[in-house]
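Here is how the chains run, residue by residue.
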Amino acid sequence: MSAVSVLRTVVAAGLCLALAACTMGPDFVRPQAELPSHWQGEVVAGNAIDQDAAWWAGFDDPLLGQLAGQVLAANLDLQLAANRVQQSRAARGISAADRLPGVNASASGVRARNSEVGLNDPSGKGGRDDYGLFQAGIGVGWELDLWGRVRRQVEAADARVQMAEEDAHAVRIALLAETARDYLQLRATRQLLAITGDNLSIAHDIKRLTEARQRQGVASTLQVSSAAAQVASLQARIALASERAAGHLAAQGRATAAPLRRIA
């Protein structure tokens, strides 16, 4: 091999290395978040919450755990977020496939018959009979990622996958938090209804006693009206609390994607 050939080979190898080193765009640098040096507030023990998906077990309420399980299994928003994760992973696979060689094949068949006058008949039959024309082909291609286009596409796809996964995680936490909040508010409203119902029974007894005293001339009309007003006020509170409880129950049904007829 002559010196000129060796020189050409070295130059060509150096050029290929230089092209391979050239990548589209700068490398991603994670931004530095400005965070405080220490947590401002009460410090929670590290083993207090080992899994963010089971924190509701700390309430020691089997029904709340059942509702949380229904949300994780049937909530439509959570299923939509999971589908987005699958879509982003599939898109990432498509982007990564550009690194590999591609193979394509094609085939076609035609049955035809030309005129006997003025046309070229590829079958050589002069238009006297029909003929079949079949074609097949195969191609192989491989794009060398010299400029890093595919590499950058895969990096962007990885970032989209991570974003979809974190979005799904956020939806999961938000739905579980809303479920627990609505459930606890429902239980509190039910307790308030029970207490208000007891007070209403007492108010009815006071009203009847006041009316009896009025008939005996011991109580005044103002006292009877005051007792009746107390009964009406408690009845209004019960109606408002019942409406609030129905709203919390409907929210639970939306979260679990199933109607809930009764929560004790």
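Further up the page is the structure itself.
Residues numbered from 1 in each chain as written. Predicted model: local features only at pLDDT ≥ 70, side-chain atom pairs only at ≥ 80, totals over all residues. Heavy atoms only, no water.

1. Here we look at the pattern of salt bridges
Condition: Each reported salt bridge corresponds to a side-chain nitrogen of Lys or Arg within 4 Å of a carboxyl oxygen of Asp or Glu. Each helix is a run of DSSP H or I of at least 4 residues and each strand a run of E of at least 2, with the numbering of both proceeding from the N terminus. Burial here depends on accessible area, computed with a 1.4 Å probe over protein chains only, as a share of the maximum for the residue type. Under 20% is buried, over 50% is exposed, and the range in between is partly exposed.
Applying the stated rule across the entire model yields seven salt bridges. For Asp158, the salt bridge identified is with Arg92, shortest N-O distance 2.6 Å. Of the two residues, Asp158 is situated in helix α4 (residues 149–215) and Arg92 in helix α3 (residues 76–97); the sequence distance between them amounts to 66 residues. Given the relative accessible area of 34%, Asp158 is considered partly exposed. Judged by relative accessible area, which is 28%, Arg92 ranks as partly exposed. Across the pair Arg181 and Asp182 runs a salt bridge whose closest N-O atoms are separated by 3.5 Å.

2. Thoughts on the pairing of strand β1 (residues 102–112)
Let me state the cut-off plainly: The pairing criterion is simple: DSSP has to find at least two bridges between the two strands.
With zero of its 11 residues buried, β1 lies for the most part at the surface. Pairing geometry for β1 and strand β2 (residues 131–141), over 11 bridges, is antiparallel. In the sheet register, Gly109 faces β2, and the bridge partner there is Phe134.

3. Topic: helix α2 (residues 62–74)
Which entries qualify depends on this criterion: Expected span of a helix: the number of residues minus one, times 1.5 Å. Regarding the arc, it is the one traced by the directions from the helix axis to the C-beta atoms. Note on contacts: a residue pair is in contact if any heavy atoms of the two residues lie within 4.5 Å. Any pair of nitrogen or oxygen atoms within 3.5 Å is treated as a polar contact; in protein, a donor-acceptor pairing is required on top of that, and neighbouring residues in sequence qualify only through side-chain atoms on both sides.
End to end, α2 covers 18 Å across 13 residues, agreeing with the expected 18 Å (1.5 Å per residue, within 8%). Within the sequence span of α2, burial applies to Leu64, Leu67, Ala68 and Val71. The arc enclosing the buried residues of α2, seen along the axis, measures out at 100°, which places them on a common side. Across α2 from its buried face, at more than 90 degrees, point the exposed residues Pro62 and Ala73. Residues of α2 that are buried make contact with α3, α4 and α5 (221–256). The opening residue of α2 is Asp61, an N-cap whose side-chain oxygen sits 3.0 Å from the backbone nitrogen of Leu63.

4. With respect to the environment of Ala136
As for its position among the elements, Ala136 is in strand β2. Put simply, Ala136 and Gly109 are 27 residues apart on the chain and 8.7 Å apart in space, counted from C-alpha to C-alpha.

5. Description of the packing of α2 against α5
The criterion, for reference: The convention used is that axes are lines fitted to C-alpha atoms, helices contributing only their stretch in contact, and that angles between N-to-C directions extend from 0 to 180 degrees. Each angle receives one of four descriptions, namely roughly parallel if under 35 degrees, roughly antiparallel if over 145, roughly perpendicular if within 65 to 115, and oblique otherwise. Amino acids outside the nonpolar list (Ala, Val, Leu, Ile, Met, Phe, Trp, Tyr, Cys, Pro) and the charged list (Asp, Glu, Lys, Arg) are all regarded as polar, and Gly is one of them.
With their axes 8 Å apart at the nearest point, α2 and α5 run at an angle of 40° to one another. In terms of orientation, α2 lies oblique with respect to α5. Of the residues in α5, those in contact with Leu67, Gln70, Val71 and Ala74 of α2 are Gln252, Ala255 and Thr256. Of the residues assigned to the contact of α2 with α5, the class counts are four nonpolar, three polar and no charged.

6. A look at the nonpolar core
Test applied: Each nonpolar core is a collection of buried residues, namely Ala, Val, Leu, Ile, Met, Phe, Trp, Tyr and Cys, held together in the definition by side-chain atoms within 4.5 Å.
Counting 11 residues, the largest nonpolar core consists of Trp56, Leu64, Leu67, Ala68, Val71, Leu78, Leu175, Leu176, Ala180, Tyr183 and Ala255. Secondary-structure elements contributing two or more residues to this core are α2 and α4. In this structure, Leu186, Leu193, Ala241 and Leu249 belong to the second largest nonpolar core, which totals five residues.

7. Quick word on the side chain of Thr196
Mapped onto the elements of the fold, Thr196 is located in helix α4. The class for Thr196 is buried, based on a relative accessible area of 7%. A distance of 2.7 Å separates a polar atom in the side chain of Thr196 from the backbone oxygen of Leu192. For Thr196, the residues in contact, after removing those within four places along its chain, are Leu234, Arg237 and Ile238.

8. Section: the side chain of Arg152
For Arg152, the location among the structural elements is in helix α4. A distance of 2.8 Å separates polar atoms of two side chains, one belonging to Arg152 and the other to Glu155.

9. Some points on the environment of Ile202
With respect to the element layout, Ile202 can be found in helix α4. In sequence terms Ile202 and Val231 are 29 residues apart; their C-alpha atoms lie 9.0 Å from each other.

10. Structural notes on the environment of Ser95
Relative to the elements of secondary structure, Ser95 occurs in helix α3. The exposure class assigned to Ser95 is buried, which follows from its relative accessible area of 14%. With 56 residues separating them along the chain, Ser95 and Arg151 place their C-alpha atoms 8.8 Å apart.

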